[in-house]
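# Observations on chain architecture
The lines below spell out each chain.
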Amino acid sequence: MNWINAIVQGILLGGLYALFAAGLSLIFGVMRLVNIAHGDLIVLAAYLGLSTTIMLGVHPLLAMLVVIPLMALGGYVLQRGVLNHTLGDDLLPPLLVTFGLSVIIQNALLEGYTADPQKMSAGALETASLPLGDLSIGVLPLLTFAIAVLVIGGLHWMFYHTALGRAFRAVSDNQDIAQLMGLNRRHIFGLAMALSLAITAVAGILLGVRTNFDPSIGGARLIFGFEAVIIGGLGNLWGTLVGGVILGVAQTIGAQINPGWQLLAGHITFLFILAVRPRGLFPRMTG
Amino acid sequence: MSTDHLQVKRGSRASFVATIIGLIVLAVLIAAPLWAGRADMRLMGELFLYLSLACLWNLMAGYAGLVSVGQQAYVGFGGYMLFALTIFAGVHPVVAVLGAGVLAALIAVPVAALVFRLRGAYFAIGTWVVAEVFRLSFAQVSSLGGGSGTSLPVSIVKSMTSGRQAREWLSYWLALGLAVAVIAAVFLFLRSRRGLALSAIRDNELAAASLGINIWRTKFVVYVVTAALTAMVGALIFLQKLRISPDAAFSVNDWTAFVIFIVVIGGIGSLEGPIIGTLVFFALRETLSDMGTIYLIALGLVAIIIMLKAPQGLWGIVRKRWDLQLFPLGYRVQQSATPDNHQQLHDK
């Protein structure tokens, strides 16, 4: 019974990891940028959510209405002001600039909010659960998973059925030709980063409702998202959801065996999949 | 036109002068117990260890194109091996430092086989995952203190040397010796045939591969050697601290973020860069560290601005302006100059 419970909880946890991963996957797909600060941006979103709930006295899920546009705007400005200048054939500049950004965000949060762990209160939603046979399923994890499916489905639809998605795919395939066809790639990249950070905002607030957070936890969130992307296969959004679920299940099963093994089990599963399927389970593009 | 008057040389007047000054500085540093206080020697020892880490990271990122954010894996591994070898196997600490290097090279082989499957930036995060696996694994080893860590037993510390002063001198000399050895090893490696291959890979992988260079093997050798030397640095770091815990041993900020900032600020892809970067980093740290988080924010900002505006770092600015090279690595064409030869060159 405990095992089935662990697996179900793991699947739902996977939804949160897929949300961590979706933004990472999106910008890698569009501009081959790996954002080392991604995890810290998730934590930043959680803190913005916290401040919003305190200042406006609203429910954390409503705070998304403030945090999502804020993060999206920040993403557009960040991309056009800084990150666009780092893109090119050389790998180092984007990597090191986002690494520097990660250290800046972390320490700015320390300065602004101290190192004390924080949590957003979601009232009755936190403890509500649905009985399912002998299991009881938390409403919040279920909601998180549903949001993850919606976000990934929405991204998929946007990519293949909208003008913006066509622009994303065009610059992804060939920046120069897309530029010749009248797309402004700097603007497109800005929009991609805005979208990525909008998803990050959703992920950050759901994280902050679910568990305690402090300024130092960004790195681990980046790693979870990255593992989900690689397990699922580069460039495959639904694969990323599967990757998140596999990672989540590995962690909850590891924790079921020994509480100290939760994270280790997730990392080892990732390394195992990297060893047997280096390109992930469902790859659609090469790294 | 005849080319008789043209010579290809590695050294230059600047590199000759730099060698002389370098040897004098080295002699002064070896004699530090004669002129420096305890606190100064401790600080300098730490500086040498950071210098070694910076040179090694620079070899990987600046020459082999292997940008790792997981070198703390080997720093921590080296530290833990020092503790394990001295506590469980009764090995003398100095021998254990060497042993840590050998063991790290052994473990780096399967790790490299795994993380080399990831390209570019994903390689970077992959190395971080490996460091996390190391950290979480050592936190499970209860005989080494588990998650809260352990101290080096007094008997082992005392067995090292006859007194505290002698121990402090020894760890200073070990740190200095390792830094010199690392710089010399990187320098000789880059001058060797394999180093030339490495420069070729850095400049253009495709072209290098078409000239018959085995890219995978060259990078693999760099990764394994770097891992071994990084672990030796790690062992020395924790021989100075005498206490180890998973969070301190595998800290991404202490052993990778600072090192990256040092190399970026000093100048990536040059041997002089990490040396200048380390001096600047310690000067900043000693004057501004009271400011805590603000200091780290400023450091991050400086690194970003340098990466955007002067990607070759401080040394890159110097080199561009005065055409200096202190370590004779490249080749340059010189003429046994007579005025009309000079003229001919311009006419051509």
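Numbers given for residues are sequential positions, taken from 1 along each chain in its written order. Lettering of chains starts at A and numbering of ligands starts at 1, both following the order in which they are written. Local features are withheld for residues below a pLDDT of 70 in this predicted model, meaning they are given only at 70 or higher, and side-chain atom pairs are given and counted only at 80 or more; totals for whole chains, interfaces and linings count all residues.

### Describing the overall build of chain B
Strands are runs of DSSP state E lasting at least 2 residues, helices are runs of H or I lasting at least 4, and numbering of each runs from the N terminus. Counting its regular elements, chain B contains 17 helices and four strands. Using C-alpha atoms as the atom set, the radius of gyration is obtained and then compared with a globule rule of 2.2 Å times the number of residues to the power 0.38. The C-alpha atoms of chain B give 22 Å as radius of gyration, which agrees with the globular expectation for 348 residues (20 Å, within 12%). Dimensions along the principal axes, computed over C-alpha positions, put chain B at roughly 75 × 50 × 40 Å. The burial tally for chain B puts 40% of its 348 residues in the buried class. Residue burial here comes from a neighbour count, namely the number of other C-beta atoms, placed from the backbone, that lie within 10 Å of the residue's own C-beta, with 20 or more meaning buried, 12 or fewer meaning exposed, and in between meaning partly exposed.

### Quick look at the overall build of chain A
When you go through chain A residue by residue, the secondary structure sums to eleven helices and two strands. Ordered by position from the N terminus, the helices and strands of chain A form the series α-α-α-α-β-β-α-α-α-α-α-α-α. When each of the 287 residues of chain A is scored for burial, the buried share is 52%. By definition, residues are in contact whenever their C-beta atoms, placed on the basis of the backbone, come within 7 Å of each other. Once local pairs closer than 6 in sequence are excluded, the contacts in chain A between residues at least 24 apart make up 75%.

### Looking at unusual backbone geometry
All names here are of chain A. Its identity is not glycine, yet Arg32 carries a phi of approximately 55 degrees, on the positive side. Position of Arg32 among the secondary structure elements: in the loop between α1 (2-31) and α2 (38-56). Backbone geometry places Thr114, a non-glycine residue, at a positive phi of 60 degrees. Relative to the helices and strands, Thr114 is located in the loop between α4 (92-113) and β1 (129-132).

### Digging into the packing of α1(A) against helix α5 (residues 139-161) of chain A
Residues and elements named next belong to chain A. For helices, the fitted line uses only the C-alpha atoms of the stretch in contact; every axis is such a line through C-alpha atoms, and the angle between N-to-C directions lies from 0 to 180 degrees. Following both chains from N to C, one finds α1 and α5 inclined at 35 degrees, their axes separated by 8 Å at the closest point. Handedness of the α1/α5 crossing: left-handed. In this structure, α1 uses Gln9, Leu12, Leu13, Gly15, Leu16, Ala18, Leu19, Ala22 and Leu26 to contact α5, whose residues at the interface are Pro141, Leu142, Thr144, Phe145, Ala148, Val151, Ile152 and Leu155. Gly falls in the polar group here, along with every residue not listed as nonpolar (Ala, Val, Leu, Ile, Met, Phe, Trp, Tyr, Cys, Pro) or charged (Asp, Glu, Lys, Arg). When grouped by side-chain class, the residues that make up the contact of α1 with α5 number 14 nonpolar, three polar and no charged. With the far helix as reference, a near helix turned anticlockwise by less than a right angle produces a left-handed crossing, and one turned clockwise produces a right-handed crossing.

### Describing the interface of chain A and chain B
Counting residues at the interface gives 35 residues for chain A, matched by 34 residues for chain B. For the side of chain A that touches chain B, the secondary structure elements donating two or more residues are α4, α9 (218-232) and α11 (262-276) of chain A. Considering each element in turn, the side of chain A that touches chain B owes the most residues, 14 residues, to α4(A). In terms of residue class, the side of chain A that touches chain B is made up of 25 nonpolar, eight polar and two charged.

### Describing the nonpolar core
The biggest cluster of nonpolar side chains holds 197 residues, and the ones touching the most others in it are Leu19(A), Val202(A), Ala235(B) and Leu236(B). If you tally residues by element for this core, the top one is helix α8 (residues 185-210) of chain A, at 16 residues. Beyond its immediate chain neighbours, meaning those up to four positions away, Leu19(A) contacts Ala148(A), Val151(A), Ile199(A), Val202(A), Ala203(A) and Leu206(A). The term nonpolar core refers to a group of buried residues, namely Ala, Val, Leu, Ile, Met, Phe, Trp, Tyr and Cys, whose C-beta atoms join them within 7 Å.

### Looking at α2(A)
Two residues of an α-helix separated by three or four positions point the same way, owing to the 3.6 residues in each turn. Residues and elements named next belong to chain A. Here α2 contains 19 residues, and its C-alpha end-to-end distance of 27 Å stays within 8% of the 27 Å for a straight helix at 1.5 Å per residue. Judged by how many residues are buried, α2 sits mostly within the fold: 15 of 19 residues are covered. Gly57 sits one or two positions beyond α2 and adopts a positive phi of about 65 degrees. Take the number of residues in a helix, subtract one, and multiply by 1.5 Å to get its expected span.

Shape descriptors only; they carry no functional weight alone.
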